[in-house]
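# Structural overview
These are the residues of each chain, in order.
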Amino acid sequence: QPKIIIDADTGIDDALAILYGVKSGKADIIGITSVFGNIPVELATENALKVLKLAGLEGQIPVNQGAAQPLVRKVDLFPTFVHGSNGIGDVEIPHTAQRPVEEAAADFIVRQASELRGELVIVALGRLTNLAHALQKDPELPSKIKQVYIMGGAVRVPGNITPTAEANIWGDPEAASLVIESGLPITLIGLDVTLQTMLHQSHLDALKASCKPENRDVVSFLNDSMQFYFNFYHESNGYNQCAPMHDPLTVLAAIEPGVVQTEQLLLSVECHGEHCLGMTVADLRPKPSVGTPVNVGVQVDAKRAVELLLGVF
Ligand code: BDR
Ligand code: CA
């Protein structure tokens, strides 16, 4: 089983991604690190803790708080219209007695990478700030990590937060650039594949009827929180009672090889442009020469992905 740290700005789809990871039975989720993004970092920490309690795992998986701000920029606005003001679609779930551990997210990543001797897998579902800090603390990190799966980027498709950029990369382009260029073994799960992986209300209706009795509260939370996400995607993209599974597909790619097909491309992150800030630029010319080799998700068996995702509940 892969040993995974999930790094998340726990919003609606991050929550489903975490729940899938811990319920899959096919991965050892050794910790969750939090990062600002969909919401401030303190709320991301709190949501990760609450989601673990909901999964019946209170006190069993450490949560380490990470970055509150990007590497060099400043944020003071958070996209409450996408994930709700509490980050999980304004759905209330019980608080937990579990507290975040003292060790900062980047230190936890550095320590686990050393202790696990090449076995650690990181799944990053938000801004790449914690990973960038970890690289700054330990320049040898790239040789110690098995694989990093990143939900981020838009290679052959438009962006979502701007015409050219996807939100996780745009939200800290300097961190993303540092991570991409670091030599870490990276699989980028971007909008190219996540926008094809749609969860529909009909899937949730079926799941409510078929889920295991012990997962009823989890499924009812998924259903309720997704209403907010579906509404956002209705207003922004014109979708009808459905939403793309950005973060869940990224955890799935780490656990279920073969569902997402990748292609090695040379990639760079734009950190200076006016119109293209945060764009993931692949050198798609016949003889590519600019950028760092990265495995980029290019195709997905979306039907299978959603089946596998919901099958764990
Ligand atoms: C990404 O941005 C966030 O809103 C989602 O959680 C996902 O990680 C999609 O662009
Ligand atoms: Ca996310």
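Structure first, text after, so check above.
The present account deals with the structure reproduced in this document. (Residues numbered from 1 in each chain as written. Chains lettered and ligands numbered in written order. Predicted model: local features only at pLDDT ≥ 70, side-chain atom pairs only at ≥ 80, totals over all residues.)

## Some thoughts on the nonpolar core
- Ile6, Ile18, Ile109, Ile122, Val123 and Val179 are the most contacted members of the largest nonpolar core, which totals 102 residues.
- Dropping the residues within four chain positions of it, Ile109 is found in contact with Ile5, Thr33, Ile122, Asn130, Leu131 and Ala134. (Core = buried A, V, L, I, M, F, W, Y, C linked by C-beta atoms within 7 Å. Buried ≥ 20, exposed ≤ 12 C-beta atoms within 10 Å, placed from the backbone. Contact = placed C-beta atoms within 7 Å.)

## Observations regarding the pairing of strand S6 (residues 186-189)
- Direction of pairing for strand S5 (residues 145-151) relative to S6: parallel, over a ladder of four bridges. In the strand pairing of S6, Ile150 is matched with Leu188.
- Looking at chain direction, S6 and strand S11 (residues 292-300) are connected through two bridges and run parallel. The residue of S11 that forms the bridge with Leu188 is Val296. (Pairing = 2+ DSSP bridges. Helix = DSSP H or I, 4+ residues; strand = E, 2+ residues; numbered from the N terminus.)

## Some words on the sheet that holds S6
- Spatially, S3-S2-S1-S4-S5-S6-S11-S9-S10 is the arrangement adopted by the nine strands of the open sheet, whose pairing is mixed. Edge positions in the open sheet fall to strand S3 (63-64) and strand S10 (280-282), since each of these has one partner strand only.
- Where strand S1 (residues 3-8) and strand S2 (residues 28-34) come together, six bridges link them in parallel fashion. Residue pairing across strands places Ile6 opposite Ile32, the latter belonging to S2.
- Sitting on the sheet, helix H12 (residues 246-255) touches S1, strand S4 (120-124), S5, S6, strand S9 (260-269) and S11, and the angle it makes with S5 is about 160 degrees. (Axes fitted to C-alpha atoms, helices over the stretch in contact; angles between N-to-C directions.)

## Overview of the site of ligand 1
- Around ligand 1, 14 residues are found, and the nearest of them are Gly11, Asp13, Met151, Ala167 and His246.
- When contributions to the shell around ligand 1 are tallied by element, the ones reaching two or more residues are helix H1 (12-23), helix H7 (167-170) and H12.
- Taken together, the residues of the shell around ligand 1 sort by class into four nonpolar, six polar and four charged. (Near = placed C-beta within 6 Å. Nonpolar A, V, L, I, M, F, W, Y, C, P; charged D, E, K, R; others polar.)

## Some details on the environment of Asn168
- Assignment of secondary structure puts Asn168 in helix H7.
- A count of 29 C-beta atoms within 10 Å places Asn168 in the buried class.
- Taking the C-alpha atoms as reference, Asn168 lies 19 Å from Ile109; in sequence the two are 59 residues apart.
- For Asn168, the residues in contact, after removing those within four places along its chain, are Gly37, Gly126, Arg127, Met151 and Gly152.

## Observations concerning the packing of H1 against H12
- Where H1 contacts H12, the axes come no closer than 7 Å and their chain directions differ by 25 degrees. Classified by the interaxial angle, the pair formed by H1 and H12 is roughly parallel. The two elements H1 and H12 meet at a crossing, and its hand is right-handed. Contacts between H1 and H12 involve Asp13, Asp14, Leu16, Ala17, Tyr20 and Gly21 from the first element and His246, Asp247, Pro248, Thr250, Val251 and Leu252 from the second.
- A class-by-class count of the residues in the contact of H1 with H12 yields six nonpolar, three polar and three charged. (Parallel < 35°, antiparallel > 145°, perpendicular 65-115°, else oblique. Left-handed = near helix turned anticlockwise from the far one by under 90°.)

## Considerations on the environment of Pro288
- Topologically, Pro288 is positioned in the loop between S10 and S11.
- Spatially, the C-alpha atoms of Pro288 and Leu266 are 6.9 Å apart, while their sequence positions differ by 22 residues.
- Dropping the residues within four chain positions of it, Pro288 is found in contact with Leu266 and Asp283.

## A few points about the packing of H1 against helix H11 (residues 216-237)
- For the pair H1 and H11, the least separation of the axes is 9 Å and the interaxial angle reads 155 degrees. Overall, the two elements H1 and H11 adopt an arrangement that is roughly antiparallel. Pair H1 / H11 crosses with left-handed handedness. The segment H1 lies against H11, with Ile12, Asp13, Ala15, Leu16 and Leu19 engaging Val218, Leu222, Ser225, Met226, Phe228 and Tyr229.

## Let's talk about the environment of Ala132
- Relative to the helices and strands, Ala132 is located in helix H5 (residues 129-137).
- Taking the number of C-beta atoms within 10 Å as the measure of exposure, Ala132 has 22 and is therefore buried.
- For the pair Ala132 and Leu184, spaced 52 residues apart in the sequence, the C-alpha separation amounts to 11 Å.
- Here Ala132 is in contact with Leu71, Ala175, Leu178 and Val179, once residues within four sequence places are set aside.

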